[in-house]
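Examination of the molecular architecture
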There are 2 protein chains.
Amino acid sequence: MEKAVGDLIAGITVGLTVIPQSLAYSNIAGLPPQHGLYGSFLGCFVYIVLGGCRAVPAGPTAIASLLTWQVAGGVVEKAVLLSFLAGIVKLLMGVLGLGFLVNFVSGPVSSGFTSAVALMIATSQVKDLFAITVTGDTFLQQWISIFRNLHSAALWDPVLGFVCIALLLLMRKIGMTKLGAKSESGPNTRQKVITKCMWLLGTCRNAIVVVATGVLGYWLVATYGHSPVRLMGVIPSGVPVPQLPPFSYVRADNTTADFVDMVSELGSGLLVIPLIVLLEDIAICKAFSDGRTIDATQEMIALGVAGIANSFMQAYPGGGSLARSVVCNGSGVKTTFNGLYTGLMVILALQFFTQYFEFIPKAALAAVIVSAILFMVEYNVIKPMWRAKKLDLIPGVGTFVLCLTLPIELGILTGVIVNIIFILYHAARPKFSVEMLKTEAGVEYLMITPDRCLMFPSVDYVRRLVIKFAASGSVPVVLECTHIYSADYTAAKSIEQLTADFHARRQPLYFYNVKPSVCSIFEAVAKPEHFVVFYEDEELDRLLAADDRLAPVKQPPPPHHA
Amino acid sequence: MEKAVGDLIAGITVGLTVIPQSLAYSNIAGLPPQHGLYGSFLGCFVYIVLGGCRAVPAGPTAIASLLTWQVAGGVVEKAVLLSFLAGIVKLLMGVLGLGFLVNFVSGPVSSGFTSAVALMIATSQVKDLFAITVTGDTFLQQWISIFRNLHSAALWDPVLGFVCIALLLLMRKIGMTKLGAKSESGPNTRQKVITKCMWLLGTCRNAIVVVATGVLGYWLVATYGHSPVRLMGVIPSGVPVPQLPPFSYVRADNTTADFVDMVSELGSGLLVIPLIVLLEDIAICKAFSDGRTIDATQEMIALGVAGIANSFMQAYPGGGSLARSVVCNGSGVKTTFNGLYTGLMVILALQFFTQYFEFIPKAALAAVIVSAILFMVEYNVIKPMWRAKKLDLIPGVGTFVLCLTLPIELGILTGVIVNIIFILYHAARPKFSVEMLKTEAGVEYLMITPDRCLMFPSVDYVRRLVIKFAASGSVPVVLECTHIYSADYTAAKSIEQLTADFHARRQPLYFYNVKPSVCSIFEAVAKPEHFVVFYEDEELDRLLAADDRLAPVKQPPPPHHA
C-alpha cells in the first residue's frame, strides 16, 4: 500500500514535468510539439514491465532530441523511422550482449560530450528566446548567425523569456532549501510541511511557468485579438491511432525517398543514438541504484522495445532523462509501476488539453529548457580531474571541443578513439623496477620487475629494456614475473629470443614466480634448457652454482700446495 | 683488415643473389626487369651511412614488390612516385618517432600476413612457369583462371621451370649440409673445405641457375634462331641518369593524371607500404642482432632516405630482404660497409651484362622465386601457437584468410584491429581472487584481489563484481590493490561511488596496499571519511574496532552483575 502511494505521487509529479518537457524537447528535435507527447506514454508502459530501474521514466530526452535533429533534420517520417530502427538496434545489442560497449566511453569523454550537448541545446533555444532567425549547423556558425540577427530581436519575447528563466531559477533554489536542517533538534513539524511545499514548488516549476504563461497568452489573445509574444500555435488533439512507422517519405523537392534511401540518410545515427541513449540511461540507473548492480542487457532490451512501441505512435527516439529521474526519486518512487500514472497523465493531456497548449508562448518553453540545461554543463568535474589525473583532461576537453565543432556523433567517436589510444599506449609501455640484490651465498644479481602483463604491443619494449639493464654488467639477471598475470604467443616468442640472446652471451637469466598459466605459454615456445623458473629465494643459489655460464662463480678456489 | 675481407666476401655474395632477385621481383611488381636493378645500388650506399644493422642489404623485396603491384598496378611512373612518397612517409615516421606503431602488429598477424603474401607471390609466378595467361586480382580468382587456362600451357616452359625448381631445392639442401659435424672430433680440414664449397653452391644457386639457363637460351637462339621457352627480352643497358621522380603520367586511355590524381590513386598504399617494409626490416634486424637492441627510428630514417634516393634512379619501393640477410650473415659480414661491394656489382651488371640478360628464360626466374618463397609460408608456427595460446590462432589464421580474399592491405589492417580488440577486452575484464580471511582478533573479512589496473573500460565491471561478492554477507570487505599499478579519473569516480554505496548500507570497505600514485588519484575524488587505506595487516583490527558501521564487533560485552 505504501508502495502504491509512493508510485502514485511520483507518477503524477513526473507527469507534470514530462508534459512541458515533451513540448519543449520536440522543438529541439525540430518537430511539431505533439510528437514529444506521443513518445511519453506507450514507452512508459513498456518500461514498467521490462525496465530494471524504478527511477527511469522513459520518454523524450534533451540529448536524444538534439541527436534526432542532427540525424533526421526535422523530417517527421525520418524521426519516427529512426525511433523504430534505433529500437531494433538497441534490442539486438541487448540480445547480443553488446551493452559492454558503453564501458569504452570514459567519464571524461562522457562529461565533455554532455557539456557540449547542453551548450548546443541552449544555443538552439536562443532563436525562440529573442524571436530571431538563426541559421547554421555547428555551434560556431549558429552564434555568428545569432550576433548578426540580434538587431532584429523582438521586445516582448526576450522580456518574457528572461523573466521566466529568473522565476524558474528562483523556484529551483526554493525547492532545494531545507528549513530547520541546521538547528540542533532537527526541523519541527511546521518547518517540515513548509519544506515539503517548497519542494513541490521547485519540482512543479516547469508546469507552473507553462500554465501561467499559457493563461497569459490566452488572456492576451482574448483581450487584444493577438499576442505581442509568439505562441505555440495549433496542436492536433487526441491520442494518435497506432500505425506502422513510415517506410518512405516525400522530400521537399517532391521526390520520394524509399526505405533504403531513408536508412542511408540516417546513417551512423542508427548506431550512435542507441549507444548514447543507453549511456545516459545507465548513468542514471547507477546514480539511483542505491548500490544495486545494473543489468545493461535488460536496460537495452527494455529501451529497445519501448522505442519500437513508441514509433507506432509516431514518436521520435527517447530514453531515460536525468531531470525526470531526479524528480521521480525525490517523489518517493518505489517501483517502475509509477510509469503507469505518468503515461495516463500524458494520455489525458493529449485527449483534453491540447487546445490550451496553443497559447503557451514559445519564449516560455525556451526558458524551461535553458534554465534546466545549463546545469548539465559539467564544469565542476574539471577540478577533481585535474587533481586526480591531468592526462584525463585531454579526452575530456577534446571531446567537448570536438562535439562543438564537428557533427556531434563524430565528436564523441573521436573522443572515444583518443581514449582507447591511452589504453593501448598503457598496454605498450609497462614500467620497471630494477634492483641489484645479493643471494644468501653473496652472489650479486640484477632483479628486474615489470609491473604488468606481457602482450604483443609491449613485448619488444620489454625485451629491449631488459637487454639494456642487463648490458651494464655481466651479473646474473632475474626477471620477477609476479605482476605478469597474462601473456600471449608474441610474448612467448620474445621471451624465447631473450633467453637465446642471454644464452649466447653466457649471462644467466632466470624467471622468478611465474604464474602457472603464463609459464605454460612460455614453455610452449622457449627452449626448456634456456627457460629456467624458480619460486623460492633459496633455489637461486643452487641454480647459480649449477650454471656453467657463470664461470667465475663455479671455479673452485685454486688448490694450495702446502 | 679482417673486417674489410668479411665485408668484401659478403658484399660480393649478396651481389650474386640480388641481381637475379631484382630481375625476378620486378616481374612480381609488374614492371620491366631493369627497375629492380635500378633499386639495388644507390639505396645500398645510403644504408652504409645511415643504417643500423650490418646484415640488411637494402633493395627490392618480395613483399614490397607484391604491394607495389597491388598499389601501382604495373605503371612505372606510379611505382617510382610511390618509392619517393613512401620514402618521405618513412622519413617522417622516423623523425616523429612513430616506429612504435609496428609493435601493434603481433606475431600471429605478422605470420598470417607473410604466409598469405608467399602464397600470392607463388601464384603470380604460375603464368610464367606454364606460359599461360592468368587474370584476376584476388588469390581465388587467379587460381580459377589458372585451372581454366592450364590446357593451353606450353610444353618446354614448365619442363625447364620444374627442373630448375628441383635443382634449386637440391642445391639449397646441399648448401645446408655440414660434413663431419656429427663425428666426435669435429670436421677435419678436408671436410671443412668441402662444406664451405657446398655452402657456396647453395648460396649462389640463384645466380648459377640464372646464368646456366641464360647460356642455354643464348645457345638455343644462336643455333635454331628462336627459343622453345619464353625469354626475358631486351633490357636497356647502363646505369640510369638521375632524374626527378615523375609527378604526372599518361594513362592507357591517353588522359593525363597529375600529381593529385596519382596520390589519390596510390591511396592507403602510402601508409601501408612504409609500415610493412619497416616491419620486415625490424624482424630481420632482430633475427641478426645478436642480442643488441634495434633503433626503429634510425631504421625508418635510413630506409626513408634510401627510398627517396632510389626514386631518383627510377626504382620502386624496397627494403631489407630476409633471404639476402641470411646470405649476408652467413658470408661473415662485419659492418654495413658490405653494401658498397653489392652496389658496385649491380652497377657493373647494369653497365656490361644487361645484353646477356635477355636470353634468361622467364620460367627460370619464376623457378627462382617459387623455390625461395615457399619457405616463407610459416605453417610451423601453428603448433607452438596452439600449445601456447589457442586464442592467438584467431588473429593469425584470420589475417591469413583475409589477406588472401581481400585487398592485402585491408587484410592486415583487419587482423591488427581484431588483435587490438583482444587488448581492449583484456583491459575491460580483469580477474579476481576472493578469499574469506580472519584477522588476528578473529574477525572474518572478505579479501577481494583484482589482478590488474583500473582503467575506464573495466571500472564498471569491477564495481559490479565487488558489490556482488560483498552482497553475499555483511562482513567487512578489503580490496587488495597490490596489482593496481595505475588508475584514471573514471576509476576514481567508480571507487567513490563504491565507497559511498558501502557506507550507505553500513558495510565496512577498506583498501589494502594501494600504491601512492594510485592512492592520490582516488583521494582526489573520493570522500576521505569513506576511503580508508591501510598497509600493515595489524592495522585492520584497529580499523575494524574503530568502525561504527560494524556494530556487532564494537559492542562491549554485557556487564556482569556479580
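Residues numbered from 1 in each chain as written. Chains lettered and ligands numbered in written order. Predicted model: local features only at pLDDT ≥ 70, side-chain atom pairs only at ≥ 80, totals over all residues.

1. Quick notes on the overall build of chain A
Helix and strand content of chain A: 24 helices and nine strands. For chain A, whose C-alpha radius of gyration is 32 Å, the value lies well above the compact-globule estimate of 24 Å for 562 residues. Along the three orthogonal principal directions, the C-alpha set of chain A runs to about 130 × 70 × 50 Å. Residue burial in chain A is summarised as follows: out of 562 residues, 47% are buried. (Helix = DSSP H or I, 4+ residues; strand = E, 2+ residues; numbered from the N terminus. Rg over C-alpha atoms; globule rule 2.2 N^0.38 Å. Buried ≥ 20, exposed ≤ 12 C-beta atoms within 10 Å, placed from the backbone.)

2. Some points on the sheet that holds strand β9 (residues 532-534) of chain A
Residue and element names in this part refer to chain A. Pairing in this open sheet of five strands is mixed, and the strands run β5-β6-β7-β8-β9 from one edge to the other. The strands lining the two open edges of the sheet, one partner per strand, are β5 (432-438) and β9. On average, each strand axis in the sheet is inclined to that of its neighbour by 30°, with strand direction left out of account. Bridge count between strand β7 (residues 477-480) and strand β8 (residues 509-512): four bridges; the pairing is parallel. By the bridge assignment for β8, Val 477 is matched with Leu 509. (Pairing = 2+ DSSP bridges. Axes fitted to C-alpha atoms, helices over the stretch in contact; angles between N-to-C directions.)

3. Focus on the sheet that holds strand β7 (residues 477-480) of chain B
Residue and element names in this part refer to chain B. Taken in spatial order, the five strands line up as β5-β6-β7-β8-β9 in an open sheet, and their pairing is mixed. The two strands at the open ends of the sheet, each matched to only one other strand, are β5 (432-438) and β9 (532-534). On average, each strand axis in the sheet is inclined to that of its neighbour by 30°, with strand direction left out of account. Sitting on the sheet, helix α23 (residues 537-546) is in contact with β8 (509-512) and β9, with an inclination near 150° to β9. (Contact = placed C-beta atoms within 7 Å.)

4. Here's the deal with the domain arrangement of chain A
If you check the domain split of chain A, you get domain 1 (2-381) and domain 2 (432-549). A C-alpha centroid distance of 59 Å is found between domain 1 of chain A and domain 2 of chain A. (Domains from an automatic or database assignment.)

5. What to know about the relation of the copies chain B and chain A
Of the two same-sequence chains, chain B is brought onto chain A (RMSD 0.1 Å, axial shift 0.0 Å) by a rotation of 180°. Viewed as a symmetry operation, the transformation between the two copies matches a two-fold axis. Relative to the rotation axis, the closest C-alpha in chain B is found at His483(B), a distance of 3.3 Å. In this assembly the copies share their binding face: 98% of the residues contributing to the interface of chain B also contribute to that of chain A. (Least-squares fit on C-alpha atoms with pLDDT ≥ 70 in both.)

6. With respect to the pairing of strand β6 (residues 444-450) of chain B
All names here are of chain B. Relative to β6, β5 runs antiparallel, the two sharing seven bridges. Bridging across to β6, Leu 437 finds its partner in Tyr 445. Taken together, β5 and the strand that follows it, β6, pair antiparallel across an intervening segment of five residues, in which Gly 442 is found at a positive phi of about 90°. Here three bridges tie β6 to β7, and the two strands are oriented parallel to one another. Looking at β7, one finds that Met 447 is bridged to Val 478.

7. Section: the interface of chain B and chain A
Many structure descriptions define interface size as the accessible area lost when the parts assemble. Counting residues at the interface gives 48 residues for chain B and 48 residues for chain A. Looking at the side of chain B that touches chain A, the elements with two or more residues in it are α6 (107-130), α17 (382-388), α19 (408-428), α20 (456-471), α21 (489-504) and α22 (516-525) of chain B. Per-class residue counts for the side of chain B that touches chain A are 24 nonpolar, eleven polar and 13 charged. (Nonpolar A, V, L, I, M, F, W, Y, C, P; charged D, E, K, R; others polar.)

8. Regarding α22(B)
Listed as buried for α22(B) are Val518(B), Ile521(B), Phe522(B) and Val525(B). Around the axis of α22(B), the buried residues are gathered within 95° of arc, so they sit on the same side. Residues of α22(B) that are buried sit in contact with α17 (382-388) of chain A together with α21 of chain B. (Arc of directions from axis to C-beta.)

9. Focus: the environment of Tyr218(B)
With respect to the helices, strands and loops of the structure, Tyr218(B) is situated in helix α10 (residues 205-224). Along the sequence, Tyr218(B) and Leu231(B) sit 13 residues apart, while their C-alpha atoms lie 9.6 Å from each other.

10. Section: the nonpolar core
Counting residues in hydrophobic clusters, the biggest one holds 119 residues, and the most contacted among them are Val117(B), Ile121(B), Ala364(B), Ala367(B), Val368(B) and Ile369(B). Sorting elements by how many residues they give to this core places α6(B) first, with eleven residues. Not counting chain neighbours up to four residues away, the residues in contact with Ile121(B) comprise Ile28(B), Ala62(B), Leu66(B), Ile369(B) and Ile373(B). Val46(A), Phe113(A), Ile121(A) and Cys285(A) belong to the second largest nonpolar core, which has 117 residues in total. (Core = buried A, V, L, I, M, F, W, Y, C linked by C-beta atoms within 7 Å.)

11. Observations regarding the packing of α19(B) against α20(B)
Residues and elements named next belong to chain B. Two numbers describe how α19 lies on α20: the axes approach to 7 Å, and their chain directions differ by 40°. Residues Leu 424, Ala 427 and Ala 428 of α19 pack against Pro 457, Ser 458 and Tyr 461 of α20. Of the residues that constitute the contact of α19 with α20, the class distribution is five nonpolar, one polar and no charged.

12. Section: the environment of Met455(B)
Residues and elements named next belong to chain B. Tracing the backbone shows Met 455 in the loop between β6 and α20. A residue is classified by how many C-beta atoms lie within 10 Å of it, and Met 455, with 22 of them, is buried. Note: C-alpha distance between Met 455 and Pro 246 (209 residues apart in sequence) is 50 Å.

13. Concerning helix α10 (residues 205-224) of chain A
All names here are of chain A. Along its 20 residues, α10 runs 28 Å from first to last C-alpha, staying within 8% of the 28 Å computed at 1.5 Å per residue. Among the residues of α10, Arg 205, Asn 206, Val 209, Val 210, Thr 213, Gly 214 and Gly 217 are the ones counted as buried. For α10, the arc enclosing every buried residue in end-on projection is 160°, short of the 170-degree limit, so these residues lie on one face. Opposite its buried face, α10 presents the exposed residues Trp 219, Ala 222 and Thr 223, each directed more than 90 degrees away. Directly beyond the C-terminal end of α10, a positive phi value near 85° is found at Gly 225. (Expected span 1.5 Å × (residues − 1).)

14. Points about the confidence of the model for chain A
Residue and element names in this part refer to chain A. With 96% of its residues at a pLDDT of 70 or more, chain A shows a mean pLDDT of 84. Confidence, read as mean pLDDT per element, is least for helix α24 (residues 551-554) in chain A (44) and greatest for helix α8 (residues 156-176) (91). In the predicted structure, residues 551-559 sits below a pLDDT of 50 and forms three contacts with residues beyond four places in sequence or in another chain. Reported for the predicted complex are a pTM of 0.74 and an ipTM of 0.76. (pLDDT = per-residue confidence, 0-100.)

15. Some points on the packing of helix α3 (residues 42-50) of chain A against helix α15 (residues 339-357) of chain A
Residues and elements named next belong to chain A. The N-to-C vectors of α3 and α15 enclose an angle of 170°; their axes lie 8 Å apart at closest approach. Judged by the angle between their axes, α3 and α15 are roughly antiparallel. Within the contact between the two elements, α3 uses Cys 44, Phe 45, Tyr 47 and Ile 48 and α15 uses Gly 339, Leu 340, Thr 342 and Gly 343. Looking at side-chain class alone, the contact of α3 with α15 contains five nonpolar, three polar and no charged residues. (Parallel < 35°, antiparallel > 145°, perpendicular 65-115°, else oblique.)

16. What about the environment of Tyr489(A)?
Topologically, Tyr489(A) is positioned in helix α21 (residues 489-504). Separated by 32 residues in the primary sequence, Tyr489(A) and Ile521(A) place their C-alpha atoms 7.1 Å from one another. Every residue in contact with Tyr489(A), bar those within four places of it in the chain, is listed here: Gly107(B), Pro108(B), Met385(B), Ala388(B), Lys389(B) and Asp392(B).

17. Things to note about unusual backbone geometry
Residues and elements named next belong to chain A. The backbone phi angle of Gln 314 is positive, close to 60°, even though this residue is not glycine. Inspection of the secondary structure puts Gln 314 in the loop between α13 (296-311) and β4 (319-320). A positive phi is found at Asn 513, a non-glycine position, where the angle reads about 60°. Here Asn 513 lies in the loop between β8 and α22 (516-525).

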